[in-house]
Amino acid sequence: AQSVSQHNHHVILSEAASLELGCNYSYGGTVNLFWYVQYPGQHLQLLLKYFSGDPLVKGIKGFEAEFIKSKFSFNLRKPSVQWSDTAEYFCAARMDSSYKLIFGSGTRLLVRP
Amino acid sequence: EADIYQTPRYLVIGTGKKITLECSQTMGHDKMYWYQQDPGMELHLIHYSYGVNSTEKGDLSSESTVSRIRTEHFPLTLESARPSHTSQYLCASSGGRAPFLTEAFFGQGTRLTVV
């Protein structure tokens, strides 16, 4: 079955630390990949997306993600987190031009000031 | 800014009541979705629609029903609410045609509590 896995359920970092959140998907065909963020009390917002082309994509607020096809991965990174990055992060995939978006279980990030 | 609206934001209702969660979008998107999300858990797709008069069940079985009579409107109905329906319900929409599909835009969600 098509699925998206996020292995880090809770991450706690201090400000200025580097962040990497893992995301793997299980599908061998064409995929569109997304990272969404949900700040406390707010709706899901798109951080970045990969459709094709350069596998290193840059998003808002200094986030970036790298698509590694051989590893079926799309990890999210930020070199220096801020307290305001405290939120829940969801990886999602749309496989083979399907209209359905499949989400991972989310990673709750807490950044200590 | 995404133009997709859900009402109500919060709803507390008694067991057995019929409820309808509203979702509207002003982006002209033909595809709309309902997800269910329990606290700290992943989003599960429960319904989706490719366009007017098109509705499909999602990956997670749900006792709710949906309708799509107008492009911009995708309401979700529970005929008889039960405590097991307590959850957050998220509506989303997307546009475009394969392979140029847009990302999904989400509403604020409706947090439903059935007592």
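Here is a short report on the structure shown in this document. Just so we're clear, the structure is a prediction, and the values are computed from it rather than from any experiment.

Describing the overall build of chain B
For step 1, the next point in the chain: Secondary structure summary: chain B contains zero helices and eleven strands in total.
For step 2, the next point in the chain: Put simply, chain B runs from its N terminus to its C terminus through helices and strands in the order β-β-β-β-β-β-β-β-β-β-β.
For step 3, the next point in the chain: For 115 residues, the compact-globule estimate of 2.2 N^0.38 gives 13 Å, and the C-alpha radius of gyration of chain B, at 14 Å, lies within 12% of that figure.
For step 4, the next point in the chain: Each principal axis of the C-alpha atoms in chain B carries an extent, and together these give about 45 × 30 × 25 Å.
For step 5, the next point in the chain: With 115 residues in all, chain B has 48% of them scored as buried.

What about the interface of chain B and chain A?
For step 1, the next point in the chain: Each partner contributes residues to the interface: chain B has 24 residues there, and chain A has 22 residues.
For step 2, the next point in the chain: Roughly 2000 Å² of surface becomes buried between chain B and chain A when both sides are summed, with 55% attributable to carbon and sulfur atoms.
For step 3, the next point in the chain: Of all residues in chain B, Leu101(B), Glu103(B) and Phe106(B) give up the largest surface area on contact with chain A, accounting jointly for 27% of the area buried on that side.
For step 4, the next point in the chain: Seen at the junction of chain B and chain A, the total is two salt bridges.
For step 5, the next point in the chain: Salt-bridge contacts for Lys49(A) lead to Glu103(B); the nearest nitrogen and oxygen are separated by 2.8 Å.

What about unusual backbone geometry?
For step 1, the next point in the chain: Here Thr7(B) and Pro8(B) are connected by a cis peptide whose omega angle stands at -10 degrees.
For step 2, the next point in the chain: On the secondary structure map, Pro8(B) appears in the loop between β1 (4-7) and β2 (10-13).
For step 3, the next point in the chain: Despite not being glycine, Lys61(A) has its phi angle at roughly 60 degrees, a positive value.
For step 4, the next point in the chain: The residue Lys61(A) is located in the loop between β7 (56-58) and β8 (64-68) in this model.
For step 5, the next point in the chain: We note that Phe72(A) has phi near 50 degrees; this positive angle belongs to a residue other than glycine.
For step 6, the next point in the chain: With respect to the secondary-structure elements, Phe72(A) resides in the loop between β8 and β9 (73-78).
For step 7, the next point in the chain: Owing to a relative accessible area of 35%, Phe72(A) belongs among the partly exposed residues under this scheme.

A short note on the pairing of strand β6 (residues 45-50) of chain A
All names here are of chain A.
For step 1, the next point in the chain: Here strand β5 (residues 31-38) pairs with β6 via five bridges, running antiparallel. Counterpart to Leu33 in the pairing with β6 is Tyr50.
For step 2, the next point in the chain: Linking β5 to β6, which pair antiparallel, is a turn of six residues; within it Gly41 sits at a positive phi near 75 degrees.

Here's the deal with the packing of aromatic side chains
For step 1, the next point in the chain: Across all of its chains, the model carries 15 aromatic pairs over all chains by this definition.
For step 2, the next point in the chain: Summarising the aromatic geometry, the rings of Tyr50(A) and Phe74(A) are spaced 6.5 Å apart at their centres and angled 45 degrees between planes, so their arrangement reads as tilted. With Tyr50(A) in strand β6 and Phe74(A) in strand β9, the pair connects residues that are 24 residues apart, well separated along the chain.
For step 3, the next point in the chain: A relative accessible area of 8% means that Tyr50(A) is categorised as buried.
For step 4, the next point in the chain: Residues Tyr35(B) and Phe106(B) carry aromatic rings whose centres are separated by 5.8 Å and whose planes lie at 45 degrees to one another, so their mutual orientation is tilted. Placement of the pair is Tyr35(B) in strand β4 (residues 31-37) and Phe106(B) in strand β10 (residues 105-106), with a sequence separation of 71 residues. Comparing Tyr35(B) with Phe106(B), the two get one shared label, buried.
For step 5, the next point in the chain: Grouped by ring-pair contacts, the aromatic residues Phe34(A), Tyr36(A), Phe51(A), Phe90(A), Phe103(A), Tyr33(B), Tyr35(B) and Phe106(B) constitute a single cluster.

Regarding the nonpolar core
Residues and elements named next belong to chain A.
For step 1, the next point in the chain: If you look at the biggest cluster of nonpolar residues, it comprises 30 residues, and the most contacted ones within it are Trp35, Leu48, Phe74, Leu76 and Tyr89.
For step 2, the next point in the chain: For this core, the elements supplying multiple residues, two or more each, are β2 (10-14), β3 (19-21), β5, β6, β8, β9, β10 (87-95) and β12 (107-112).
For step 3, the next point in the chain: When residues of this core are assigned to their parent elements, the largest contribution, five residues, is made by β10.
For step 4, the next point in the chain: When residues no more than four places from it in sequence are discounted, the contact partners of Leu76 are Leu19, Glu20, Leu21, Trp35, Leu47, Leu48, Phe63, Glu64, Ala65 and Tyr89.

What counts, and at which threshold
Residues numbered from 1 in each chain as written. Chains lettered and ligands numbered in written order. Predicted model: local features only at pLDDT ≥ 70, side-chain atom pairs only at ≥ 80, totals over all residues. Heavy atoms only, no water. Helix = DSSP H or I, 4+ residues; strand = E, 2+ residues; numbered from the N terminus. Rg over C-alpha atoms; globule rule 2.2 N^0.38 Å. Buried < 20%, exposed > 50% of the residue type's maximum accessible area, 1.4 Å probe, protein only. Contact = heavy atoms within 4.5 Å. Buried area = accessible area lost by both parts, 1.4 Å probe. Salt bridge = Lys/Arg side-chain N within 4 Å of Asp/Glu carboxyl O. Pairing = 2+ DSSP bridges. Phe/Tyr/Trp six-rings, centres within 6.5 Å; stacked < 30°, edge-to-face > 60°. Core = buried A, V, L, I, M, F, W, Y, C linked by side-chain atoms within 4.5 Å.

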